[in-house]
Amino acid sequence: MIKIKKNILLIDQHDKNGLWAGKFGGNWVPETLKKPIEDLTQLFQKLRYDKQFLKQRNYYFDNYIGAPTPFIKLQNLTRHLGGAEIWAKVVSENRGTAHKIYNAVVHCLIAKHAGKKYVCGDTGAGMAGKTLAMVAKKFGLKCKIFMGSKDIKRQKLNVEVMKKHGAEVIPVTTGSQTLVDAVSECMRYWVANCLSTHLVVGSTVGPNIFVKICAWSTAQISKELKIQMINIFKKIPKKVKLINCVGGGSSAMGFWNEFMDYNLKQVEFIGVEAGGPKNSKLHAAPLTNNSKIGILHGAKQYVMQNKEGQISETESISAGLDYPGVSPLHCFLKDAKRARYTSATDEDALAAYQLVTTLEDISPSLEPSHAFAEAIKLAPKLSPSAIIVVNSCGDSLKDKFIIKKRLGSYIR
Amino acid sequence: MTSKILETFLKCQKEQRPALLTYTVAGDSTKKQSLEIIKSIGEHADIIELGFPHNTPIADGGQIQESSHRALKNGIKLSDVFRLVKNFKQSKYAKPLILMGYFNLILQYGLLAFLKQCKKVGVDGLIIVDLPYPENKYFANQCKQHGITFVQLLSPTTSKQRIKKIIKDSHDMIYYISMLSTTGGKLKVPSKKILANYSQIKKINSRKKIVIGFGITTKTIVTLKKADGLVVGSQLCKEITRSLQIRQNPVTNLNRMVLNLKRKII
Ligand SMILES: Cc1ncc(COP(=O)(O)O)c(C=O)c1O
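Please read all numbers here as calculations on a predicted model, not as lab measurements.

Let's talk about the overall build of chain B
So, point 1. Check the secondary structure of chain B and you find 11 helices and nine strands.
So, point 2. The globule rule puts the C-alpha radius of gyration for 266 residues at 18 Å, and the 17 Å found for chain B is close to it.
So, point 3. Counting only C-alpha atoms and orienting by the principal axes, one finds that chain B spans roughly 45 × 40 × 35 Å.
So, point 4. Classification of the 266 residues of chain B by burial places 62% in the buried group.

Looking at the packing of aromatic side chains
The way to describe two aromatic rings as a pair is by their centre distance and the angle between their planes.
So, point 1. Under the definition given, this model contains 24 aromatic pairs over all chains.
So, point 2. For the ring pair Phe71 of chain A and Phe233 of chain A, a centre distance of 6.5 Å and an interplane angle of 75° mean the geometry is edge-to-face. One end of the pair, Phe71 of chain A, is in strand β3 (residues 71-73); the other, Phe233 of chain A, is in helix α10 (residues 220-233), with 162 residues separating them in the sequence.
So, point 3. The class of Phe71 of chain A is buried, set by a relative accessible area of 9%.
So, point 4. For Phe233 of chain A, a relative accessible area of 21% gives the class partly exposed.
So, point 5. Pairwise contacts between aromatic rings join Trp28 of chain A together with Phe103, Phe139 and Phe150 of chain B into one cluster.
So, point 6. The ring of Phe401 of chain A has Lys156 of chain A lying over it, and the distance from NZ or CZ to the ring centre is 4.8 Å.
So, point 7. Its end group placed over the ring of Phe269 of chain A, Arg338 of chain A keeps NZ or CZ at 3.9 Å from the ring centre.

A few points about the site of the ligand
Residue and element names in this part refer to chain A.
So, point 1. Around the ligand sit 18 residues in total, of which Ser203, Gly247, Gly249, Ser250 and Ser251 are the nearest.
So, point 2. The contact in question runs from an oxygen atom of the ligand to an N or O atom on the side chain of His99, over 3.0 Å.
So, point 3. In this structure, an oxygen atom belonging to the ligand sits 2.8 Å away from a main-chain N or O atom of Gly249.
So, point 4. When the residues that make up the shell around the ligand are grouped by side-chain class, the tally is six nonpolar, 10 polar and two charged.
So, point 5. Both domains that furnish three or more residues to the shell around the ligand are identified here as domain 1 (27-61 + 100-215) and domain 2 (66-97 + 219-407).

Quick word on the domain arrangement of chain A
All names here are of chain A.
So, point 1. Split by domain assignment, chain A resolves into domain 1 (27-61 + 100-215) and domain 2 (66-97 + 219-407).
So, point 2. The centre of domain 1, based on its C-alpha atoms, is set 23 Å off from the matching centre of domain 2.
So, point 3. Here domain 1 packs against domain 2, burying approximately 2,900 Å² in sum over the two surfaces, 61% of which is carbon and sulfur.
So, point 4. The residue Asp322 makes a salt bridge to Arg154 at a minimum N-O spacing of 2.8 Å.
So, point 5. Our count for the contact surface shared by domain 1 and domain 2 stands at 16 residue pairs in polar contact (both at pLDDT 80 or more).
So, point 6. Looking at the side of domain 1 that touches domain 2, the element that brings in the most residues is helix α8 (residues 179-193), giving five residues.

Quick look at the interface of chain B and chain A
So, point 1. Listed per partner, the contact involves 37 residues of chain B and 34 residues of chain A.
So, point 2. Interface area for chain B against chain A, summed over the two sides, is near 2,900 Å², with a carbon-plus-sulfur share of 54%.
So, point 3. Inspection of the chain B/chain A interface yields two salt bridges.
So, point 4. The residue Lys34 of chain A makes a salt bridge to Glu135 of chain B at a minimum N-O spacing of 2.8 Å.

Section: the environment of Val151 of chain B
All names here are of chain B.
So, point 1. Of note, Val151 is situated in the loop between β5 (149-150) and β6 (152-154).
So, point 2. Residue Val151 is classed as buried on the basis of its relative accessible area of 1%.
So, point 3. Distance from Val151 to Ile127, taken between C-alpha atoms, is 5.3 Å for residues 24 residues apart in sequence.
So, point 4. Apart from the residues within four sequence positions on either side, Val151 is in contact with Ile98, Leu126, Ile127, Met173, Ile174 and Tyr175.

Some remarks on helix α6 (residues 111-121) of chain B
All names here are of chain B.
So, point 1. For α6, the set of buried residues is Leu111, Phe114, Leu115, Cys118 and Val121. With its buried residues spanning 135° around the axis, α6 presents them on a single face. Structural note: α6 exposes Lys116 and Lys120 on the side pointing more than 90 degrees away from its buried face.
So, point 2. In the core, the buried residues of α6 are packed alongside β2 (47-52), α4 (78-89), β3 (97-101), α5 (103-109), β4 (125-128) and α7 (137-145).
So, point 3. Downstream of α6 by a residue or two, Gly122 has a phi angle that is positive, lying close to 100°.

Some points on the sheet that holds β3 of chain A
Backbone-to-backbone hydrogen bonds join strands into a sheet, with any given pair of strands oriented parallel or antiparallel.
Residues and elements named next belong to chain A.
So, point 1. Pairing in this open sheet of six strands is mixed, and the strands run β3-β4-β14-β9-β10-β13 from one edge to the other. If you trace the sheet from one side to the other, it starts and ends with β3 and β13 (339-344), each paired once. Going across the sheet, the axis of each strand differs from the next one's by a mean of 25°, ignoring polarity.
So, point 2. Sheet topology note: the strand β9 (residues 240-245)/strand β14 (residues 387-391) ladder contains four bridges and is parallel. Paired with Ile243 across the two strands is Val390, which belongs to β14.
So, point 3. Sheet strands touched by α10: β3, β4 (85-89), β9 and β14. Its angle to β4, the strand with the most contacts, is close to 140°.

Points about the pairing of strand β10 (residues 267-274) of chain A
Residue and element names in this part refer to chain A.
So, point 1. Among the eight residues of β10, eight are classified as buried, and the element is accordingly described as predominantly covered.
So, point 2. Where β9 lies against β10, six bridges are found, and the strand directions are parallel. In the sheet register, Leu242 faces β10, and the bridge partner there is Phe269.
So, point 3. Running through helix α11 (residues 250-256), the crossover from β9 to the neighbouring parallel element β10 is right-handed.
So, point 4. Two strands pair when backbone bridges link them, and β10 and β13 are joined in this way by six bridges, in the parallel orientation.

Regarding the state of the cysteines
So, point 1. Under the criterion given, the structure shown has zero disulfides over all chains.
So, point 2. You can see Cys118 of chain B has no disulfide; the closest cysteine sulfur is in Cys143 of chain B, sitting 7.7 Å from it.

A word on the packing of helix α13 (residues 346-359) of chain A against helix α14 (residues 366-378) of chain A
All names here are of chain A.
So, point 1. Between α13 and α14, the shortest axis-to-axis distance is 7 Å and the interhelical angle comes to 85°. Between α13 and α14, the interaxial angle falls into the category roughly perpendicular. Here α13 contributes Asp348, Ala349, Leu350, Ala352, Tyr353, Leu355 and Val356 to the contact with α14, which in turn contributes Leu366, Ser369, His370, Phe372, Ala373 and Ile376.
So, point 2. Among the residues forming the contact of α13 with α14, the class breakdown is 10 nonpolar, two polar and one charged.

Considerations on the nonpolar core
So, point 1. Leu242, Ile388 and Val389 of chain A together with Leu99, Phe114, Leu126 and Phe139 of chain B are the most contacted members of the largest nonpolar core, which has 218 residues in total.
So, point 2. Broken down by element, the residue count for this core peaks at nine residues, all from helix α4 (residues 100-113) of chain A.
So, point 3. For this core, the two domains that each supply at least three residues are domain 1 (27-61 + 100-215) and domain 2 (66-97 + 219-407) of chain A.
So, point 4. If sequence neighbours within four positions are ignored, Phe139 of chain B has contacts with Ile106, Leu111, Phe114, Leu115, Leu126, Ile128, Leu131 and Phe150 of chain B.

Some thoughts on the sheet that holds strand β7 (residues 168-172) of chain A
All names here are of chain A.
So, point 1. Spatially, β7-β6-β5-β8 is the arrangement adopted by the four strands of the open sheet, whose pairing is parallel. In this open sheet, the two strands that pair with only one neighbour each are β7 and β8 (197-200). This sheet shows a mean twist of 20° between the axes of neighbouring strands, independent of strand direction.
So, point 2. Pairing of strand β5 (residues 118-123) with β8, which is carried by four bridges, proceeds in the parallel orientation. Bridge pairing in β8 places Cys120 opposite Leu199.

Thresholds applied
Residues numbered from 1 in each chain as written. Chains lettered and ligands numbered in written order. Predicted model: local features only at pLDDT ≥ 70, side-chain atom pairs only at ≥ 80, totals over all residues. Heavy atoms only, no water. Helix = DSSP H or I, 4+ residues; strand = E, 2+ residues; numbered from the N terminus. Rg over C-alpha atoms; globule rule 2.2 N^0.38 Å. Buried < 20%, exposed > 50% of the residue type's maximum accessible area, 1.4 Å probe, protein only. Phe/Tyr/Trp six-rings, centres within 6.5 Å; stacked < 30°, edge-to-face > 60°. Lys NZ or Arg CZ within 6 Å of the ring centre and 35° of its normal. Near = heavy atom within 4 Å. Polar contact = N/O pair within 3.5 Å; in protein donor to acceptor, adjacent residues only side chain to side chain. Nonpolar A, V, L, I, M, F, W, Y, C, P; charged D, E, K, R; others polar. Domains from an automatic or database assignment. Buried area = accessible area lost by both parts, 1.4 Å probe. Salt bridge = Lys/Arg side-chain N within 4 Å of Asp/Glu carboxyl O. Contact = heavy atoms within 4.5 Å. Arc of directions from axis to C-beta. Pairing = 2+ DSSP bridges. Axes fitted to C-alpha atoms, helices over the stretch in contact; angles between N-to-C directions. Right-handed = clockwise from strand over helix to strand, strands pointing away. Disulfide = S-S within 2.5 Å. Parallel < 35°, antiparallel > 145°, perpendicular 65-115°, else oblique. Core = buried A, V, L, I, M, F, W, Y, C linked by side-chain atoms within 4.5 Å.

Written out as structure tokens, the structure is:
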């Protein structure tokens, strides 16, 4: 049985080959990238303990991104469902309107320290792209964003924002034209430009160091949440369920990090993957559906693939979750049974968006709506003393057109 | 025992010319045609590199991606690739053959099962794009035990210390990536610079045969002919694409192109 060590950050529980639990993650990259990855690894290792750097990070987190984001009780939803209390950590209230901005700020700070003038990044829903474009502009870095053509169409509001912030948006027309192809193309670009350009992987995926930097950055979410919970409940309540959607898994890692050492019975982690359209075989839920271990984007992980090892097509209404693989950290949490993973269908997510938006004054995007779908299912089965917290890590505004098309109208 | 790959290099050395290595993708544009292509270019090439395509490549440029895409659309599987190799090895212009691809396919096939099959059909060497040193230690060692050359890669970003370690762990042949690029890029570094790097590597162990690849075409090949071997890939993949577009036979066109490449270096 795989065990998680206490008092050590999950990101640091890998071996010298960069593998968690001896089998997830690593650096399965072309030779050309070995050196830039090693350089970045050393730089990050130095900076993460550097007082000046931490001061800078905290400054931008507090004053630019805006900390803390609200932690609110969803009274109407709780009353409507009966059962557990439902709360939301409204991460979408930060300046980037999503958790992706923590990663973007940290990466741009690192890029500045490394003396790089260019950053490149991948994006699916456009949130990683939008926030990187914003922060790069602020820090005076030139920015290139790789995005699948299908995603450019379905998330065009975010594309406009990226362009407004001066980023060059490069459409990726290969494969399924979604996030998986954008990450591949972005890595290919980095292979050719690694000396001048700093790569920002948009989630807790990719070679080991990118998983670490991203999770280290989004951990801010649970740092805030822990303090907020103690302020409100006096201590961490006896039965807490932290529910988060999982695409690459950066949002969930950030939401759970500070609670890692709590007993599973006290603080349970539930990850919700994209189940795809109801009655369709296609989905984007490798953990829920017991996909086999394979290599994708430089890391070993549970990944949707055929018998030969070709990566499978995915489908989800939510561009941010539409990815065939998942963070090695979540593979680790799954095998260690510290977190459990399930999926919600497109229809479940739409219904959850609608219910939450109608009853409450928040309006989650389609990604966190997957998490809300699970909360809605779970709450009535739990006692009123149980606390469900959902990470509302995105705002529905970016999904306006999709929602209008599917439900006939859009409300927020 | 001297490997067929090493024998080939020694033969070319005697002829005072670099070995010519070609890269095409198995199954491009059909399974049958890709076999015809390597059977035909075997007439002029010294070593054949055959790609087994992956649908999520992180180091291939546009030309090779396109070839891989065509091959995958035709349903190419590893079992087909092995069949192609076996067939090629029994053909008139059979040459040493190196399979090239991404590690996940081998991982799913099973490392040892894959090597056993390679041995059975006559694969001489392997290049695994995303299996760098030291991740490749176990597999490279297994290759050796199966009598298959595991080709290590070196790049302009590889540090000197690392180069030494990799060379120490390498078999007969090493692949030097000419520049920071995916495959198919224009040669953006002067040949002089590439050859200078090449010589640095060669100095560490002159017995190792070092081939240069990436950005080599009919136009540039002559400038690098001091190397032990030169790899041409994207230009050939591009020629397949072009031939298909103008409804010509890729087999004859590639044969002509490889002959042309050969003429530039003899
Ligand atoms: C709003 C939102 N939520 C969640 C996700 C999924 O991200 P993660 O990779 O953190 O699971 C995304 C990704 O783009 C997103 O935009």
